[in-house]
Amino acid sequence: MTFAESKSERIRPERFHGSAGVEDWRVVGEGACAYFRTGSFAVGARFVGAIGELPGAEGDHPDVDVRQDAVVVRLITVTDDYYGLTERHVELARRISAVARTLGISADPSAVQTVQVTVDALEGPKVVAFWRALLGYQDRAHSGEDLMDPLRRGAPFYFQPMDAPRPQRNRVHIDVWVPYDQAETRIAAALAAGGRLVNDADAPSNWVLADPEGNEACIGVAGRPAPME
């Protein structure tokens, strides 16, 4: 295996989180993300310019969202046959965090999240075709069950296959991906706001909640680190 091939190795969220120097970052549904509090748009613009000059940034082209007082950076590989993280993202995350420190910018991992819309479908291809046309989205790789915004800004849609009608429950719900160390806080807040826990059989990676009228949503966690021995 060459050096380039080793850096292109696909990795799981657990491996990303277990790497040194990525404490600013959290893996959520759409890749490894970091939220940097810049304090001003001007500082954020300088930060983004510095990221663009980093070795590897051009090839991995991180998604960058610049706001009035913050910059959100997301690292993920999107190809025809893969949607996820590689070893290169670990090093690029370290370099981006180092640039932030040089500029006096702090990260707030608790502010990271991604949102996905999930639709239960009996006739998946027909349902996907409708939403693809309606949203102007594209297929994600060749899954046939995922649509994504070609600008990579809008929430992705996932179409969950169903074997039979399920009239007693809603068939569209929201998946909220949060940092592994924020799930309990987010769930507690939702319950305190009038929600209820529907199912925690897949905890600590997924919880199903419902609002006071029964509309469901899921809290998801990616790559929770293994307990220290």
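For the structure, check the block above.
Described below are features of the structure shown in this document. Note that the structure is predicted; figures quoted are calculated from it, not measured.

## A short note on a nonpolar patch on the surface
Residues Phe130, Leu134 and Leu135 make up a contiguous nonpolar surface patch of roughly 290 Å² in combined accessible area. Checked against the element boundaries, phenylalanine 130 lands in helix H6 (residues 124-135).

## Describing the sheet that holds strand S15 (residues 206-210)
Ordered by their spatial adjacency, eight strands build an open sheet running S10-S11-S12-S9-S13-S16-S15-S14, and the pairing between neighbours is mixed. The open sheet terminates on both sides in strands that have one partner only, identified here as strand S10 (138-139) and strand S14 (196-199). Here two bridges tie S10 to strand S11 (residues 146-148), and the two strands are oriented antiparallel to one another. Of the residues in S11, the one forming a bridge with glutamine 138 is methionine 148. Lying over the sheet, H6 contacts strand S9 (114-121), S10, S11 and strand S12 (157-161), oriented at roughly 165 degrees with respect to S12. Sitting on the sheet, helix H7 (residues 183-192) touches strand S13 (172-177), S14, S15 and strand S16 (216-220), and the angle it makes with S15 is about 10 degrees.

## Observations concerning the environment of glutamine 116
If you trace the backbone, glutamine 116 turns up in strand S9. You can call glutamine 116 buried: its relative accessible area is 12%. Distance from glutamine 116 to tryptophan 177, taken between C-alpha atoms, is 8.0 Å for residues 61 residues apart in sequence. In contact with glutamine 116, other than residues within four places in its own chain, are Pro156, Tyr158, His173, Ile174, Asp175 and Trp177.

## Structural notes on the nonpolar core
Of all hydrophobic cores here, the largest spans 25 residues; its most connected members are Phe16, Trp25, Phe36, Phe47, Val73, Leu75 and Ile96. In terms of residue count, helix H5 (residues 87-102) provides more of this core than any other element does, six residues in total. When near neighbours in sequence (up to four residues on either side) are disregarded, phenylalanine 16 contacts Ile11, Val22, Trp25, Val27, Ala32, Leu85, His89, Val90 and Ala93. Membership of the second largest hydrophobic core comes to nine residues, among which are Val178, Ile187, Trp207 and Leu209.

## Overview of the packing of helix H3 (residues 41-52) against H5
Packing of H3 against H5 leaves a shortest axis separation of 10 Å and a crossing angle of 140 degrees. As summarised for this structure, H3 and H5 are arranged oblique, according to the angle between their axes. Helix-helix and strand crossings are classified by hand; for H3 and H5 the assignment is right-handed. Here Phe47, Ala50 and Ile51 of H3 lie close against H5, whose contacting residues are Ile96, Val99 and Ala100. Of the residues that constitute the contact of H3 with H5, the class distribution is six nonpolar, no polar and no charged.

## Here's the deal with the pairing of S16
Both faces of the sheet carry side chains from a regular strand, because those side chains alternate between them. Across the five residues that make up S16, a large majority, four, are buried. As defined by bridge partners, S13 adjoins S16 across four bridges and the pair is classed as parallel. Residue pairing across strands places aspartate 175 opposite cysteine 218, the latter belonging to S16. Where S15 folds back on S16, the antiparallel hairpin that results is connected by five residues, among which glycine 214 adopts a positive phi of roughly 90 degrees.

## A few points about the pattern of salt bridges
If you walk through the whole model with that rule in mind, you get 15 salt bridges. In this structure, arginine 10 and aspartate 81 form a salt bridge, with 3.5 Å as the shortest nitrogen-oxygen distance. Residue arginine 10 is located in strand S1 (residues 10-11), and its partner aspartate 81 is located in the loop between strand S6 (77-78) and strand S7 (83-86); the two are separated by 71 residues in the primary sequence. Residue arginine 10 is classed as partly exposed on the basis of its relative accessible area of 46%. Owing to a relative accessible area of 58%, aspartate 81 belongs among the exposed residues under this scheme. Across the pair arginine 153 and aspartate 65 runs a salt bridge, and its minimum N-O distance is 4.0 Å.

Cut-offs used in this document
Residues numbered from 1 in each chain as written. Predicted model: local features only at pLDDT ≥ 70, side-chain atom pairs only at ≥ 80, totals over all residues. Heavy atoms only, no water. Patch = residues over 30% accessible without salt bridge, like charges linked within 9 Å, V, L, I, M, F, W, Y side chains within 5 Å. Areas by Shrake-Rupley, 256 points an atom, 1.4 Å probe, with all protein chains shown as cover. Salt bridge = Lys/Arg side-chain N within 4 Å of Asp/Glu carboxyl O. Helix = DSSP H or I, 4+ residues; strand = E, 2+ residues; numbered from the N terminus. Pairing = 2+ DSSP bridges. Contact = heavy atoms within 4.5 Å. Axes fitted to C-alpha atoms, helices over the stretch in contact; angles between N-to-C directions. Buried < 20%, exposed > 50% of the residue type's maximum accessible area, 1.4 Å probe, protein only. Core = buried A, V, L, I, M, F, W, Y, C linked by side-chain atoms within 4.5 Å. Parallel < 35°, antiparallel > 145°, perpendicular 65-115°, else oblique. Left-handed = near helix turned anticlockwise from the far one by under 90°. Nonpolar A, V, L, I, M, F, W, Y, C, P; charged D, E, K, R; others polar.

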